[in-house]
Amino acid sequence: MPVYLGIDIGGTKIAAALVDESGLVLKSGVRPTEAESGGAQVLQRAIALGQELLHDFDEAIAGVGIGAGGQIDATRGVVVSATDLLPGWAGTEIGPAFAEAFGVPVAVDNDVNALAAGEAKFGAGRGLSTVVFLALGTGVGGALLLDGRVHHGAHWTGGEFGHILLTMDANARRDAGGAQGTLEAYASGSGLVQTWREIAGDDEASITGAEIGADALQDPGGLGAAAIAQTGRYLGFGLVSLANALDPDAIVIGGGLAGLGDLLLDPARAVLRERALPGPAQTSVMFASLGEHASTIGAAALVIPAPKGDL
């Protein structure tokens, strides 16, 4: 059975895995990104990690897939732009460097697009045509699958759903990038913390999303549960816009906040049912299913052929 190398390059860590064509992880590894060293060094660290995985592996790989932070020109395998989490990353020629290092077909895409590709081939989106994928974490990442394939858009920003607007209020929150009134400002980890502070009436309180989640489990009537429910409702308004505009087969939720489970999604589903058009109101909202290796399985999925019988 062919084996593929999947690499995920993030702001804090680089993860790699050898993955077979069924999506099974055979071997994995991780190392710090050391992003402050600059794009060229980060790229070399990623290549070296992949080579380490192959050092004691008997089989040759059939391809390499890389999911990376930033806007990616997936045709050329080049970083178009990136945030300060990866300084000097813009302009990095990821695809050509990996092709030279490994001598096999290479595919490169944005990290959230890669996650969505993995869910499309092996997870919650398998067999579906139109899927909205949201990664709720520090920010809100997104991807759009059309006919089972990632839609990149004209400027490689297709699926940036964290930037859809929830409000035009002049006093609306700003997200990490400074944009005002966005889904990311309200349905991210930082948005959850801000909602908790507003409910508690303490804008300076020091608390984390994990602590809010733990409090909600211990006290279903407490501040943590209330903050999660309100964050779910904010998310629901974003889902209404997405469902009405795209009428997808499903909306798949991943990322750290997905760990809050139905405490988060039940309020979101309720808003979707109440406020969306009749058809889109029935859209299935489900959790991503690939687990701890989702990022590297997704990266490998960029070069793994679709399973037989799938779109």
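Residues numbered from 1 in each chain as written. Predicted model: local features only at pLDDT ≥ 70, side-chain atom pairs only at ≥ 80, totals over all residues. Heavy atoms only, no water.

A. Looking closely at the packing of helix α5 (residues 189–200) against helix α7 (residues 223–246). For the pair α5 and α7, the least separation of the axes is 9 Å and the interaxial angle reads 125°. With respect to each other, α5 and α7 are oriented oblique. The chirality of how α5 crosses α7 is right-handed. On α7, the residues that touch Leu192, Thr195, Trp196, Ile199 and Ala200 of α5 are Leu223, Gly224, Ala226, Ala227, Ile228, Gln230, Thr231 and Tyr234. For the contact of α5 with α7, the class distribution of residues is 9 nonpolar, 4 polar and no charged. (Axes fitted to C-alpha atoms, helices over the stretch in contact; angles between N-to-C directions. Helix = DSSP H or I, 4+ residues; strand = E, 2+ residues; numbered from the N terminus. Parallel < 35°, antiparallel > 145°, perpendicular 65-115°, else oblique. Left-handed = near helix turned anticlockwise from the far one by under 90°. Contact = heavy atoms within 4.5 Å. Nonpolar A, V, L, I, M, F, W, Y, C, P; charged D, E, K, R; others polar.)

B. Spotlight on the environment of valine 112. Position of valine 112 among the secondary structure elements: in helix α3 (residues 111–122). Here the alpha-carbon distance between valine 112 and aspartate 203, two residues 91 residues apart in the chain, equals 31 Å.

C. A look at the nonpolar core. By size, the foremost hydrophobic cluster in this structure holds 36 residues, and its most contacted members are Leu134, Leu136, Ile212, Leu235, Leu239, Ile253 and Leu264. Elements with a minimum of two residues in this core: β8 (131–136), β9 (140–146), α4 (183–187), α5, α6 (209–218), α7, β11 (250–254) and α8 (262–275). Here the element with the most residues in this core is α7; it accounts for 8 residues. Grouped together as the second largest cluster of nonpolar side chains are 29 residues, Ile7, Ile61, Ile66 and Trp89 included. (Core = buried A, V, L, I, M, F, W, Y, C linked by side-chain atoms within 4.5 Å. Buried < 20%, exposed > 50% of the residue type's maximum accessible area, 1.4 Å probe, protein only.)

D. Looking closely at the environment of aspartate 84. Following the sequence through the fold, aspartate 84 ends up in the loop between β6 (78–81) and α2 (94–102). Residue aspartate 84 is classed as exposed on the basis of its relative accessible area, which comes to 77%. Sequence separation of aspartate 84 and threonine 33 is 51 residues, and the distance between their C-alpha atoms is 13 Å.

That's the geometry; what it means functionally is another story.
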